[in-house]
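# Observations on the model geometry
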Amino acid sequence: AQSVAQPEDQVNVAEGNPLTVKCTYSVSGNPYLFWYVQYPNRGLQFLLKYITGDNLVKGSYGFEAEFNKSQTSFHLKKPSALVSDSALYFCAVSSMNTGFQKLVFGTGTRLLVSP
Amino acid sequence: KAGVTQTPRYLIKTRGQQVTLSCSPISGHRSVSWYQQTPGQGLQFLFEYFSETQRNKGNFPGRFSGRQFSNSRSEMNVSTLELGDSALYLCASSPSETRASQYFGPGTRLLVL
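Below is a short write-up of the structure. This one's a predicted model, so the numbers in the text were calculated from it and none came from an experiment. (Residues numbered from 1 in each chain as written. Chains lettered and ligands numbered in written order. Predicted model: local features only at pLDDT ≥ 70, side-chain atom pairs only at ≥ 80, totals over all residues. Heavy atoms only, no water.)

## A look at the sheet that holds strand 1 (residues 5-7) of chain B
All names here are of chain B. What counts is decided by this rule: Paired strands, in this sense, are two strands between which DSSP finds at least two bridges. Each helix is a run of DSSP H or I of at least 4 residues and each strand a run of E of at least 2, with the numbering of both proceeding from the N terminus. Fitted lines through C-alpha atoms serve as axes, helices being fitted only where they are in contact, and the angles separating the N-to-C directions of these axes extend from 0 to 180 degrees.
The strand order 1-3-8-7 describes an open sheet built from 4 strands, whose pairing is antiparallel. Strand pairing shows two members of the sheet lacking a second neighbour, strand 1 and strand 7 (64-68), which therefore form its edges. Recorded for the sheet is a direction-independent mean angle of 20° between the axes of neighbouring strands. Here strand 3 (residues 19-24) pairs with strand 8 (residues 74-78) via 5 bridges, running antiparallel. Residue pairing in the sheet places Thr20 in a bridge with Asn77 of strand 8.

## Structural notes on the packing of aromatic side chains
Defined as follows: Here is the rule: rings of Phe, Tyr and Trp (six-membered ring for Trp) pair when centre to centre is within 6.5 Å. Planes less than 30 degrees apart are stacked, more than 60 are edge-to-face, and the remainder are tilted. Note on exposure labels: buried denotes an accessible area under 20% of the residue type's maximum, exposed denotes more than 50%, and partly exposed covers the range between, all computed with a 1.4 Å probe on protein chains only.
Throughout the structure, instances matching the rule amount to 17 aromatic pairs over all chains. Plain terms: the ring middles of Phe90 of chain A and Phe105 of chain A are 6.2 Å apart, the flat faces sit at 90° to each other, and that makes the pair edge-to-face. Taken together, the positions of Phe90 of chain A in strand 10 (residues 87-95) and Phe105 of chain A in strand 11 (residues 99-105) put the pair 15 residues apart, joining distant regions of the chain. Judged by relative accessible area, which is 3%, Phe90 of chain A ranks as buried. We classify Phe105 of chain A as buried; its relative accessible area is 8%. Here Tyr35 of chain B and Phe45 of chain B contribute two aromatic rings whose centre-to-centre distance is 5.5 Å and whose plane-to-plane angle is 70°, an arrangement assigned as edge-to-face.

## With respect to the interface of chain A and chain B
One frequently used descriptor of interface size is the decrease in accessible area upon assembly of the parts. What counts is decided by this rule: Every residue pair with non-hydrogen atoms within 4.5 Å of one another is taken to be in contact. Buried area is understood as the total, over both parts, of accessible area removed when two parts are fitted together, assessed with a 1.4 Å probe. Each reported salt bridge corresponds to a side-chain nitrogen of Lys or Arg within 4 Å of a carboxyl oxygen of Asp or Glu. Pairing of N or O atoms within 3.5 Å defines a polar contact, subject to two protein rules: one partner must be a possible hydrogen donor and the other a possible acceptor, and residues neighboring in sequence count only if both atoms are side-chain atoms. Under the scheme applied here, ten amino acids are nonpolar (Ala, Val, Leu, Ile, Met, Phe, Trp, Tyr, Cys and Pro), four are charged (Asp, Glu, Lys and Arg), and all others, including Gly, are polar.
The partner chain B presents 24 residues to the 19 residues of chain A that form the contact. By the criterion of area lost to chain B, the three top residues of chain A are Leu44, Gln101 and Lys102 of chain A, representing 35% of everything that side buries. Linking chain A with chain B are 0 salt bridges. Applying the counting rule to chain A against chain B returns 9 residue pairs in polar contact (both at pLDDT 80 or more). Of all the secondary-structure elements, those providing two or more residues to the side of chain A that touches chain B are strand 5 (32-38), strand 6 (44-50) and strand 11 of chain A. Grouping the amino acids of the side of chain A that touches chain B by side-chain chemistry returns 10 nonpolar, 6 polar and 3 charged.

## Overview of the pairing of strand 4 (residues 31-38) of chain B
Residues and elements named next belong to chain B. The buried fraction of strand 4 amounts to 8 of the 8 residues, a majority that puts the element mostly inside the structure. Burial of the side chains of strand 4 extends over both faces: Ser31, Ser33, Tyr35 and Gln37 are buried on one face and Val32, Trp34, Gln36 and Thr38 on the other. Of the strand pairs in this sheet, strand 4 and strand 9 (residues 87-94) are connected by 7 bridges, and their pairing is antiparallel. Across the sheet, the residue bridging to Gln37 is Leu88, located in strand 9.

## Here's the deal with the nonpolar core
Note on soluble globular proteins: their nonpolar side chains tend to be buried together. The following threshold applies: The set of buried Ala, Val, Leu, Ile, Met, Phe, Trp, Tyr and Cys residues whose side-chain atoms join them within 4.5 Å is what this entry labels a nonpolar core.
The biggest cluster of nonpolar side chains holds 27 residues, and the ones touching the most others in it are Trp35, Leu47, Leu48, Phe74, Leu76 and Tyr89 of chain A. Broken down by secondary-structure element, the contributors of at least two residues to this core are strand 2 (10-14), strand 3 (19-21), strand 5, strand 6, strand 8 (64-68), strand 9 (73-78), strand 10 and strand 12 (109-114) of chain A. Among the elements that line this core, the one with the most residues is strand 10 of chain A, at 4 residues. Leave out the neighbours within four places in its chain, and Leu47 of chain A touches Trp35, Tyr36, Val37, Gly59, Ser60, Tyr61, Phe63, Leu76 and Tyr89 of chain A. Judged by nonpolar contacts, the second largest core, of 21 residues, contains Leu21, Ile26, Phe64 and Val112 of chain B.

None of the figures reported here should be taken as evidence of function without further support.
See below:
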């Protein structure tokens with residue numbers, strides 16, 4: 001069965017500092033990995049995805065993520081955090097074995113960026 | 001392009017009733033997926049429809065059903081509502097391409113009393 005772990009419920013970072021939100025996954029077959037962000041009372045906004053190719057994926061709003069197959073990780077990063085980045089971040093995985101559109105989500109990590 | 005729209009945005013029902021939620025995908029998108037979001041269980045996949053056919057389903061009881069129309073609009077129905085069905089129901093659409101990303105709507109918040 002597929003699963004995603006986001007080990008940190010909350011990440012605190014000062015504005016201007018780099019941020020990392022961690023994600024590890026378990027899947028049979030090749031993984032497809034995604035990051036979404038959720039603001040209060042809103043749906044999920046797509047940030048980036050890894051399908052194949054370059055392990056470093058660049059996405060929206062200056063975010064990037066690195067796929068590490070040996071560590072089964074897909075951590076989200078940003079070089080310089082903004083207060084407006086404060087939100088709930090979800091990592092998700094799917095595979096062709098279970099269906100590309102069938103996303104399995106982690107429990108989410110709340111990012112709090114202080115001024 | 002307009003985003004994914006969901007109606008209604010908020011809904012209050014009582015136990016035992018049934019409810020129908022609607023989702024209009026982004027124009028040109030043919031795949032529609034539904035997810036349930038609760039504080040306890042997080043985000044869980046309900047089902048996916050493509051070209052009016054259910055292509056995949058999650059582990060939910062038969063009280064949860066859905067359908068898709070020829071214009072790709074989708075509805076999900078929950079019968080015999082239980083208190084635990086209170087949740088944010090999210091719809092996502094994606095284009096026909098197999099590995100395209102999903103784009104989510106704002107959700108319908110259902111409260112069962």
